[in-house]
Amino acid sequence: MASLTASRFVSRSSNFGSSGASSFETKTLSAQNGLRSQTATHSGLRALNHVDVLQLRTKARVAARESRRKGSKPESLATFPVIKCGSGMNLVFAGAEVGPWSKTGGLGDVLGGLPSAMAAIGHRVMTIAPRYDQYKDSWDTEVIAQVKVGDRIETVRFFHCYKRGVDRVFIDHPMFLEKAALEAPRILNLHNKFFSGPYGEDVVFIANDWHTALLPCYLKSMYKPRGMYKSAKVAFCIHNIAYQGRFAYADFSLLNLPDSFRGSFDFMD
């Protein structure tokens, strides 16, 4: 229908040009008709797409009613991915926010949805985020870790809940500590109907944004030299390059990192 309307505009334009109109008038009308044809085509395509969507919805409802009548599952439910035990990797997502418990933007959406999708295809998945509030669905694991921050020893407590195939771990401390995130896979003894026990040291950490940027530094400088996390890997993901997490060099002493890492924090602006 849309193409027929467009061709009708073109034929009128041709007839007008042959009736003695000036070349300028012919070009102007042709341009106007061209815009009309684009609008008509665009509107026509939108209408066709709308009809297609309605047809798909109608077919889906008919298929669902037919499957219920036969006593079988609808195709949309029968093909939904199920969690498979022991067929993937141990993935540990670390970030400053995780939806729906805490979210200010896209990072919370990523840590809220992507881990569940990875669990659905067979991976054992954990997310680690700060415990900003007393989340009613997370329970106290009664596991405590002590980590060094500057000259102080900080005590960290872990909270946990299991939702949609993912172990949601929350670090209960005023500061979010990457060292605590590195301890969680080793010391938390988590159980569900698919997996049991600690994650261990054969894991892949997915660190997100500058809040967790120290995680690979601690892994390389503190854990691997002591023979821990020998086969562990880290993927560092930056979701917004505008937020660098830049601090003064005077704060470097608080990180408990070797001086050899000082050059890793240079930023040429």
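The numbers attached to residues start from 1 for each chain and follow its sequence in the written order. Only residues with pLDDT of at least 70 are given local features in this predicted model, and only at 80 or more are side-chain atom pairs given and counted; all residues enter the totals for whole chains, interfaces and linings. Heavy atoms throughout the structure, all of them, feed into the side-chain values; hydrogens and water do not.

Of regular secondary structure, the protein chain possesses 6 helices and 9 strands. Working rule for contacts: check all heavy atoms of both residues, and any pair within 4.5 Å makes them a contact. Sequence separation of at least 24 residues holds for 64% of the intrachain contacts in the protein chain that already meet a minimum separation of 6. For the purposes of this entry, the term helix denotes a DSSP run of H or I that reaches at least four residues, the term strand denotes a run of E that reaches at least two, and both are numbered from the N terminus.

Our next topic: the packing of aromatic side chains. Two aromatic rings, drawn from Phe, Tyr or Trp (for Trp, its six-membered ring), form a pair once their centres lie within 6.5 Å of each other, and the interplanar angle then sorts them: stacked below 30 degrees, edge-to-face above 60, tilted otherwise. In total, this model carries 6 aromatic pairs according to the counting rule given. Between Tyr-135 and Phe-170 the ring centres are 4.9 Å apart and the planes differ by 55°, which places this aromatic pair in the tilted class. Separated by 35 residues along the polypeptide, Tyr-135 in the loop between strand S2 (124-130) and strand S3 (139-149) and Phe-170 in strand S5 (residues 166-172) bring together distant segments of the chain. Both residues of the pair, Tyr-135 and Phe-170, belong to the buried class. Taken together, the aromatic side chains of Trp-101, Tyr-135 and Phe-170 make up a single cluster linked through ring pairs. Only protein chains enter the area calculation, which uses a 1.4 Å probe; residues under 20% of their type maximum are buried, those over 50% are exposed, and those in between are partly exposed.

Let us look at the pattern of salt bridges. Salt bridge, as applied in this entry: a Lys or Arg side-chain nitrogen positioned within 4 Å of an Asp or Glu carboxyl oxygen. Inspection of the entire model under this criterion finds 7 salt bridges. Residue Arg-131 pairs with Asp-172 through a salt bridge whose shortest N-O separation is 3.4 Å. Taken together, the positions of Arg-131 in the loop between S2 and S3 and Asp-172 in strand S5 put the pair 41 residues apart, joining distant regions of the chain. Residue Asp-172 is classed as partly exposed on the basis of its relative accessible area of 29%. The salt bridge partner of Arg-152 is Glu-154, with a shortest N-O separation of 2.9 Å.

On to the pairing of strand S4 (residues 152-163), then. Should DSSP find at least two bridges between two strands, the strands are regarded as paired. Pairing analysis gives 8 bridges linking S3 to S4, with the strands arranged antiparallel. Following the sheet pairing, Val-149 is matched in S4 by Arg-152. The antiparallel hairpin formed by S3 and S4 contains 2 residues in its connecting segment, where Gly-150 sits at a positive phi of about 65°. Inspection of the sheet shows S4 paired to S5 by 7 bridges, in the antiparallel sense. Bridged to Lys-163 within S5 is Val-166. Between S4 and S5, which pair antiparallel in sequence order, lie 2 residues; one of them, Arg-164, sits at a positive phi of approximately 50°.

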